[in-house]
Amino acid sequence: MTQQPSKNLEKNNPFHTHYPRYFDIDMRYYPGANNHQKGVNRTKVSVLIAIRFSIVTPSIVSWLYGINHRLALEHLNRLEKDGLLRVVKTHRSPDGRVYVPTYTAAKFAEELMGIDIHFRANRNPALQFNQNNIMHNLINAFVMLRGIHNYHSDETYAPMWSGFITEPEFQRINSLSAARTVDGAVQLPDGSIAAIEVEHSFKNKTARQVILLKYLASLKKRDYSKIFLFSQSVKIFDDIKRLHEQLFEEMPQRFDKKTRAPLLSESDAELLRASIIYRTKLCEEINEMFYE
């Protein structure tokens, strides 16, 4: 009897209704038996990255396909020539450029994904995405794809997660203001859902408090069961942990003016402590790829 409310909660939760379609999209790159198959597979994955993350770059392609920068550039320029991508020169990208999808790419991705894509092309491709978020979006794409392409030292395939939903997809599904828009969500091997957050800059305590309360609301609604934090810097992680511990001590002693209830109960603080996981595994890889 006690489990019934949580079952109903998940049944009525828009995330659990819509997530599976996105988790089922195969984002693993398979090299292919010959050059033709290799080209077909690369085209599929590159277009899906561009559609799902709004941009793709030579660095991402070079890492994922195990090719040098020149070949990655040739591959993306070929997709541009085929009308699937458009290039935007920008100093905000480590490559000095990003590639954005076209309407043709959106139609191609719809066939691959089996999901309707709300795509709005712009005469000026630079207006199709937020230039301020380029670095954040690229790190996010790397982290999500890196989790799919994870291997043990003996080359055994060992994915950190089986599928993901990106930030733009997450925003489209979730129209509730109470839920914190995270950088994405992943389905773990055991079937549970974890939120993904990329923290590449320092935030103050007030910002951290707002974020914690939104995490709490989403955890209670079962949007996801844990939050994985990724960063290029262990120092950023140390700062987040320090502020979180201060807030876990202070917030139960402070009260909401409207409800007169504590901002955070002791059990809420414990739930957050247990649910926020600092993934230091990729710090060096993110730093090497985007900051060196």
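Heads up: the structure comes first, above all this text.
These figures come from a predicted structure and were not determined experimentally.

Trainee: Quick rundown of the pattern of salt bridges? Include the residues and the values.
Mentor: For side chains of opposite charge, pairing can occur when their charged atoms come near one another. A full pass over the atoms with the stated rule returns 13 salt bridges. Close ionic contact of Arg-52 with Glu-169 constitutes a salt bridge, the shortest N to O distance being 2.8 Å. Taken as a pair, Arg-52 in helix α3 (residues 35-53) and Glu-169 in helix α8 (residues 167-173) lie far apart in primary sequence, 117 residues in all. Glu-169 carries the same exposure label as Arg-52, and that label is buried. With its nearest N and O atoms 2.9 Å apart, the salt bridge here joins Glu-110 to Lys-107. Residue Glu-110 and its partner Lys-107 are located together in helix α6 (residues 103-113), separated by three residues, close to a single helical turn. Here Glu-110 falls in the buried class, since its relative accessible area comes to 17%. Among the residues examined, Lys-107 registers a relative accessible area of 35% and is labelled partly exposed.

Trainee: Give me the lowdown on helix α7 (residues 134-148), citing residues and values where you can.
Mentor: The terminal C-alpha atoms of α7, which comprises 15 residues, lie 21 Å apart, in line with the 21 Å expected from a rise of 1.5 Å per residue. The buried fraction of α7 amounts to 14 of the 15 residues, a majority that puts the element mostly inside the structure.

Trainee: Could you give an account of the nonpolar core, with specific residues and numbers?
Mentor: Core analysis: the largest hydrophobic core is formed by 87 residues, its most contacted members being Trp-161 and Tyr-215. For this core, the leading source of residues is α7, giving nine residues.

Trainee: Go over the sheet that holds strand β3 (residues 163-166), please, and point to the residues and values.
Mentor: Spatially, β3-β4-β5-β6-β7 is the arrangement adopted by the five strands of the open sheet, whose pairing is mixed. Two strands lie at the open edges of the sheet, namely β3 and β7 (276-278), each paired on one side alone. With strand direction ignored, the average angle separating the axes of adjacent strands in the sheet is 25 degrees. Bridge count for strand β6 (residues 226-230) against β7 is three bridges, and the pairing is parallel. Opposite Phe-228, over in β7, you have Ile-277 as the bridge partner. Strands in contact with helix α10 (residues 234-250) are β6 and β7; relative to β7, the strand with the most contacts, it is inclined by about 150 degrees. Set on the sheet, helix α11 (residues 266-275) makes contact with β6 and β7; between it and β7 the angle comes to about 35 degrees.

Trainee: Describe the layout of surface pockets, naming the residues involved and giving the relevant values.
Mentor: By volume, the largest pocket amounts to about 620 Å³. For the lining of the largest pocket, the secondary-structure elements that each account for two or more residues are α3, α7 and α8. Ranked by the residues each element gives to the lining of the largest pocket, the list is headed by α8, at five residues.

Trainee: Which residues make up the environment of Asn-204, and what values go with them?
Mentor: Structurally, Asn-204 can be placed in the loop between β5 (193-198) and α9 (205-220). Measuring from C-alpha to C-alpha, the distance between Asn-204 and Gln-128 comes to 30 Å, with 76 residues separating the pair along the chain. Within polar-contact distance, the side chain of Asn-204 engages the backbone nitrogen of Thr-206 at 3.2 Å.

Calculation notes
Residues numbered from 1 in each chain as written. Predicted model: local features only at pLDDT ≥ 70, side-chain atom pairs only at ≥ 80, totals over all residues. Heavy atoms only, no water. Salt bridge = Lys/Arg side-chain N within 4 Å of Asp/Glu carboxyl O. Helix = DSSP H or I, 4+ residues; strand = E, 2+ residues; numbered from the N terminus. Buried < 20%, exposed > 50% of the residue type's maximum accessible area, 1.4 Å probe, protein only. Expected span 1.5 Å × (residues − 1). Core = buried A, V, L, I, M, F, W, Y, C linked by side-chain atoms within 4.5 Å. Pairing = 2+ DSSP bridges. Axes fitted to C-alpha atoms, helices over the stretch in contact; angles between N-to-C directions. Contact = heavy atoms within 4.5 Å. 1 Å grid on protein atoms, 1.4 Å probe; cavity = no way out; pocket = protein on both sides within 12 Å on 5 of 7 lines; lining within 4 Å. Points joined across faces, edges and corners; volume = space filled by probe spheres on them. Polar contact = N/O pair within 3.5 Å; in protein donor to acceptor, adjacent residues only side chain to side chain.

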